[in-house]
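Residue-level listing of the chains:
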Amino acid sequence: MSRLAPLLFVCGILAAAPGGQVLKVDGKQARMAVTHLEGAMLEVGSTVLVGSADKPIAWGIVTRATQKGALVQITHRGTRPIAAGMSIVKSELPTDEEIAALNPKKKSAQGIHPQTALAKPNFMALFDLLLTYQPKNTPSLTFQNDHSLLLLKINPTTNLEFAFEVSPNPRFFELDYDLYPGLEFRVGRIWIPFDEDNAHKYYGGRPILVALLQPNASTFLPEIWTDMGVGVKVSLLSIEGTEVALHGYVVNGFGELSSGDPNPDATVRGQSYPDFSSIQSSDNNDNKAVGGRIAISVRDLLSFGASVYRGSYPNRGTSQAFLNLFGLDGKVRLGALELRGGNIYGEVELVGSQVAGFRRGGYYGEIGLWVNQWKVALRGGQAQQDSRFLAVTDQTIGGAIVSYHPGALHFSVEYSRDFEAREGKTNTDYAAVRMSAHF
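Presented here is a report on the structure given in the accompanying data block. Bear in mind the structure is a predicted one, so any value in this text is a computation, not a measurement.

### Concerning the overall build of the protein chain
- If you tally the helices and strands in the protein chain, you get two helices and 25 strands.
- Per-residue burial over the protein chain gives 47% buried out of 439 residues.
- For the protein chain, contacts bridging at least 24 residues in sequence account for 56% of all contacts bridging at least 6.
- When the accessible surface of the protein chain is summed, it comes to about 21500 Å², and 60% of that surface belongs to carbon and sulfur atoms.

Right, dumping it as structure tokens:
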């Protein structure tokens, strides 16, 4: 009974004390934004307790306080995830018995941080099966798989996360370290923060996938845009469900296309040409690419981002040329209506060509309507990889998708068409029935 006494006492506090609530929690469950308590402001250094109606869930320390709310570093938590809307109260630091009650089946790690629970692997998976119909292909009707992605995440401590793709040749592996609340370092083959979606970009009106390419064509950007290097994320503001974050990174950058300048109209082609479809496993020059992004989000209602990227692509020992990418993206949620879109614009320098360089760009837009777990959306966009000539990669796409999201399984039916007429195109019409598993 003595072990349960502190826990019962805490539950009594949650039921009786005037409290506040959680506004937002970061992805690592390491810090959260909260409101002040009813009739009292939280102060830096105060301990707060997160709980449901029947038991405590986590404890944390206030690291920043303003008139509207506070930022809390989570110090102890159980297996149940913290979510927006949960209640908080002011508390004392948890006792050893209360910490043990949070994770009754886990042993404490020994060493300089005995209060930290040993991490368990957390797998995240995305697998799908599609029945696609493309009338100009052979065969026109076929089953195929677009995604076979398995990620493993490990959190040795509350401020450290290691995540990687489970594969003999992982396209992604990243170590994230929260040096201080609101300051995160990223090391490894890291995600490039350009546009809101990490998994795939939608410039051109369709997700950028090799399976949707025209014959002998290359993707507008890598399917999964990651690169070797280091990055930092600074949370400039995280209060009342509003977050302003600044990203910065230094990576190897894009390499040189082995087949050279693809311009069929030029009598004198460029000495080098960038390969935008993939990132090489090893760097090809001594210059590094740098980039940054500012991202603003307001609860689940509004998000906006602006991104920039600059790097040199020619091989080592040749004349260097640079490429610059600029992007804007945003999303608005108005009740059941969701609007989202993005734009990318690029300038590429050439050496030895008839012209000094070329432009490339694309955009996408989507109007979606949510009805419970159903979503109906119209999606479209346009993309051109090189402004100097017309190619099969140029696309103007419009389409519609109906999807159902009951939980870990997602179902969808979609159709899209490429209206940009080019010689050699075959994949102008695309229809698919898709089932995917997210867990």
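What follows continues from the structure just given.
### Focus: the nonpolar core
- Residues F194, L221, W225, F254, Y309 and L323 are the most contacted members of the largest nonpolar core, which totals 27 residues.
- Contributions of two or more residues to this core are made by β14 (242–251), β19 (322–334), β20 (337–349) and β21 (357–371).
- Excluding anything up to four places from it in sequence, Y309 contacts F194, W225, Y249, V251, G253, F254, A289, V290, G291, L323, N324 and L325.
- Within the second largest apolar cluster, 16 residues are counted, among which are A58, A70, I74 and I88.

### Brief notes about the sheet that holds strand β4 (residues 56–65)
- The strand order around the closed barrel formed by six strands is β1-β2-β5-β4-β3-β6, and the pairing between neighbours is antiparallel. When strand polarity is set aside, the average angle formed by the axes of neighbouring strands in this sheet is 45°.
- Two elements, strand β3 (residues 47–51) and strand β6 (residues 87–91), share five bridges in a ladder whose sense is antiparallel. Counted as the bridge partner of T47 is S91 from β6.

How each quantity is defined
Residues numbered from 1 in each chain as written. Predicted model: local features only at pLDDT ≥ 70, side-chain atom pairs only at ≥ 80, totals over all residues. Heavy atoms only, no water. Helix = DSSP H or I, 4+ residues; strand = E, 2+ residues; numbered from the N terminus. Buried < 20%, exposed > 50% of the residue type's maximum accessible area, 1.4 Å probe, protein only. Contact = heavy atoms within 4.5 Å. Areas by Shrake-Rupley, 256 points an atom, 1.4 Å probe, with all protein chains shown as cover. Core = buried A, V, L, I, M, F, W, Y, C linked by side-chain atoms within 4.5 Å. Pairing = 2+ DSSP bridges. Axes fitted to C-alpha atoms, helices over the stretch in contact; angles between N-to-C directions.

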